[in-house]
Amino acid sequence: MKKTKIIFSVDKMAVLCNIINGEIKARLDSRKSPEKKELYKEMGVINSSPAITRFMHNHPNIFGNKKFINSRGSNIFEEILPISSDYGEEIYKKEAARRLKYTYDLSDEEVLDVERFLEDFWHLSENKDIKRIISATEQYKDSIEEIWKHQEDNVISYVEGVLGYEPEANGTVCTYIMYPNFNIHRTCQAKSSQTNLFFGKMKEKNPNKIVAYLTHQVFHQPMLPYKPTMTKKQKEEFHAFIKFLTDKDVYNKLTGKSYLDIVTQNENPEAMAKIYPYWLGYRYRHSEHPAIEIQRAIERDKRYFDGLPEKSKKRKLYSGYEFEKLDAKKIADFFKEKKAITPYQFAKINFDDKQNIYKGKFVPQVAEVR
């Protein structure tokens, strides 16, 4: 079995970018709420380090420029976060300056501001207080790596068993662990054979969720990438399939809990709701009694949904699943002759067709003509 190679690392400049990005977003988010601002301070998101606070005060032309930091919180630190510091100071500053000039269409004066900022930003990483943060990040990285190594073979074998074959592993996932005072889960395609994942979960103490998130990255781009011919809608639906295959089903395998207990990164509720019944048919297509297994899964997830508070974010997220309308036997029958279906064949299913999954005779609703 050839596995995707997953490498865990800490990049000091990426860590700094994420810390300052978090502080910017927290300050903007708490502008009208002193209580929220105090909470962010207690969490170490605001005023995470005296060195960072001084750095921000020393560069008003950067932190006060709406081009670099807009009212929604988007900022230059998100832009330069993927740049590696492995090649040293000069190459880092040159690449960061090039990217910022291209992105923001800088004036001559702003170019000078950026150059001064990048000079100080690199040296900020050498501050004693920042080195302490980097050291703490290294320890966090070691804990994440240990969690993954403990379950790696188990979850990869499990997912391949669900797929029914071993996908070709094409590439490496470089997982850059961030200081966990501000959440990040972001992927960048560094090159065709390398995916960079920037990962840090401030409140996530459940190792099974961390394993599930990492399984997603191991299988998606390196083994089950998007096809160039896929439309945006098809990519969203295929991504929903990947989320069920990895995040949701691996988490269920490790814990026995509902798919709804784990919320995936940037979860698309509409796409997930459409894929859900078809996913269950795919998941249990090789079972001795697929309709029974599908019905159990539906009941498991409906119990979880019914237990959610009426106005909770999770209940809203899962409101489109329509558990009571799903027909387990119809779903199982749809996959009766599709036991060898591949993920890419699965992606070509018309997920808007409800007659294969709903109870009774489904009659499509026709929009009223006025």
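Everything quoted here is computed from the prediction, not taken from an experiment. Numbering of residues starts from 1 in each chain and follows the order in which that chain's sequence is written. For a predicted model such as this one, the threshold for reporting local features is a pLDDT of at least 70, and the threshold for listing and counting side-chain atom pairs is 80 or more; totals across whole chains, interfaces and linings nevertheless cover every residue. The basis for the side-chain values is all heavy atoms of the structure; hydrogens and waters are excluded.

Observations concerning the overall build of the chain
- Secondary structure is summarised from DSSP: a helix means a run of H or I of at least four residues, a strand means a run of E of at least two, and numbering begins at the N terminus for each. A count of helical and extended segments in the chain gives 15 helices and four strands.
- Counting only C-alpha atoms, the chain reaches 70 × 55 × 40 Å along its principal axes.
- Burial statistics for the chain: of 370 residues in total, 52% are counted as buried.
- Only heavy atoms matter for contacts: two residues are in contact if any of them lie within 4.5 Å across the pair. In the chain, the proportion of contacts linking residues at least 24 apart, taken out of those at least 6 apart, comes to 70%.
- To be clear on the numbers: accessible area is Shrake-Rupley with a 1.4 Å probe, and residue cover counts the displayed protein chains and nothing else. For the chain, the computed accessible surface area is about 19000 Å², with 49% contributed by carbon and sulfur atoms. Any residue under 20% of the maximum accessible area for its type is buried, any over 50% is exposed, and the rest in between are partly exposed; the area is computed with a 1.4 Å probe on protein chains only.

Some remarks on the confidence of the model for the chain
- Taken over all residues, the pLDDT of the chain has a mean of 93, while the share at 70 or more is 97%.
- For every residue, the predictor states its confidence as a pLDDT score lying anywhere from 0 to 100. Ignoring residues within four places in sequence, the model shows residues 366-370, a span with pLDDT below 50, making zero contacts including any to other chains.

Here we look at the pairing of strand S3 (residues 184-191)
- Following DSSP output, two strands are said to pair if at least two bridges run between them. Judged from the seven bridges that link them, S3 and strand S4 (residues 194-200) form a sheet pairing that is antiparallel. Counted as the bridge partner of Lys191 is Gln194 from S4.

Some details on the sheet that holds S4
- Taken in spatial order, the four strands line up as S1-S2-S4-S3 in an open sheet, and their pairing is mixed. In this open sheet, the two edge strands, each paired with only one partner strand, are strand S1 (5-9) and S3. Within the sheet, the average angular offset between the axes of one strand and its neighbour, ignoring direction, is 20 degrees.
- Pairing of strand S2 (residues 172-177) with S4, which is carried by six bridges, proceeds in the parallel orientation. In the strand pairing of S4, Thr175 is matched with Leu197.
- Only the contacting stretch of a helix is used when fitting its axis, a line to C-alpha atoms as for every element, and angles between N-to-C directions run 0 to 180 degrees. Lying over the sheet, helix H8 (residues 128-163) contacts S1, S2 and S4, oriented at roughly 160 degrees with respect to S1.

Concerning the environment of Leu260
- Tracing the sequence through the fold places Leu260 in the loop between helix H10 (232-255) and helix H11 (269-283).
- Residue Leu260 is classed as buried on the basis of its relative accessible area, which comes to 1%.
- Between the C-alpha atoms of Leu260 and Arg315, which are 55 residues apart in sequence, the distance is 9.4 Å.
- Those residues within four positions of Leu260 in sequence are excluded, and the remaining contacts are Lys248, Asp301, Tyr304, Phe305, Lys314, Tyr318 and Phe323.

Focus on the pattern of salt bridges
- Think of a salt bridge as a Lys or Arg side-chain nitrogen and an Asp or Glu carboxyl oxygen that are within 4 Å of each other. Within this structure, the stated rule accounts for 29 salt bridges.
- For the salt bridge of Lys325 with Glu322, the shortest nitrogen-to-oxygen distance reads 3.2 Å.
- Residue Glu322 is classed as partly exposed on the basis of its relative accessible area of 28%.
- A cluster of three or more residues bridged by salt bridges with shared partners is formed by Glu89, Glu90, Lys93 and Glu119.

Concerning the nonpolar core
- By size, the foremost hydrophobic cluster in this structure holds 70 residues, and its most contacted members are Trp148, Tyr276, Trp279, Leu280, Tyr282 and Phe346.
- The residues contacting Trp279, other than those within four sequence positions of it, are Val162, Phe241, Phe244, Leu245, Asp249, Tyr259 and Phe346.
- Within the second largest apolar cluster, 44 residues are counted, among which are Ala14, Leu124, Ile133 and Ile134. Throughout this description, the term nonpolar core refers to a set of buried Ala, Val, Leu, Ile, Met, Phe, Trp, Tyr and Cys residues connected via side-chain atoms within 4.5 Å.

Remarks on the packing of helix H1 (residues 12-29) against helix H7 (residues 108-124)
- Two elements in contact, H1 and H7, have axes whose closest approach is 10 Å; the angle formed by their N-to-C orientations is 110 degrees. Judged by the angle between their axes, H1 and H7 are roughly perpendicular. Where H1 abuts H7, its residues Lys12, Met13, Leu16, Cys17 and Ile20 lie against Phe121, Trp122 and Leu124.
- Here the term charged refers only to Asp, Glu, Lys and Arg, the term nonpolar to Ala, Val, Leu, Ile, Met, Phe, Trp, Tyr, Cys and Pro, and the term polar to all other amino acids, Gly among them. Among the residues forming the contact of H1 with H7, the class breakdown is seven nonpolar, no polar and one charged. Angle categories are assigned with fixed cut-offs, so that under 35 degrees is roughly parallel, over 145 is roughly antiparallel, 65 to 115 is roughly perpendicular, and the rest are oblique.

Let's talk about the side chain of Lys201
- By the element assignment, Lys201 lies in the loop between S4 and helix H9 (207-223).
- Only four residue types enter the tally: Lys and Arg on the positive side, Asp and Glu on the negative side; His and the chain ends are excluded. With no salt bridge to any partner, buried Lys201 finds its closest opposite charge in Glu204, at an N-O distance of 6.8 Å.
- The residues contacting Lys201, other than those within four sequence positions of it, are Tyr140, Pro180, Asn183, His185, Tyr213 and Gln265.

Let's talk about H10
- Working rule for helices: expected span equals 1.5 Å times residues minus one. For H10, spanning 24 residues, the distance from its first C-alpha to its last is 33 Å, which sits close to the expected 34 Å at 1.5 Å a residue.
- Of the residues one or two after H10, Gly256 is the one with positive phi, at around 80 degrees.

Digging into the side chain of Lys274
- Of note, Lys274 is situated in helix H11.
- For Lys274, a relative accessible area of 12% corresponds to the buried category.
- Sequence-distant contacts of Lys274, defined by excluding residues within four places in its chain, comprise Lys233, Glu237, Phe351, Asp352 and Lys354.

Quick word on the environment of Arg186
- Assignment of secondary structure puts Arg186 in strand S3.
- Arg186 gets classed as partly exposed once you look at its relative accessible area, which sits at 28%.
- Note: C-alpha distance between Arg186 and Gly200 (14 residues apart in sequence) is 9.5 Å.
- Here Glu78 takes part through its backbone oxygen, which lies 2.8 Å from a polar atom of the side chain of Arg186. A 3.5 Å cut-off defines polar contacts: any pair of N or O atoms within that distance qualifies, except that in protein one atom must be a possible hydrogen donor and the other a possible acceptor, and neighbouring residues in sequence count only when both atoms are side-chain atoms.

A short note on the packing of aromatic side chains
- Think of it this way: a Phe, Tyr or Trp ring, Trp meaning its six-membered ring, pairs with another when their centres are within 6.5 Å, and the plane angle makes it stacked under 30 degrees, edge-to-face over 60, tilted otherwise. Enumeration over the complete set of coordinates arrives at 32 aromatic pairs.
- Between Phe68 and Tyr104 the ring centres are 5.6 Å apart and the planes differ by 85 degrees, which places this aromatic pair in the edge-to-face class. Taken together, the positions of Phe68 in the loop between helix H4 (60-63) and helix H5 (76-80) and Tyr104 in helix H6 (residues 89-104) put the pair 36 residues apart, joining distant regions of the chain. Tyr104 matches Phe68 in its accessibility class, with the two residues each being buried.
- When the centroid spacing of 5.2 Å and the interplanar angle of 85 degrees are considered together, the rings of Phe241 and Tyr282 count as edge-to-face.

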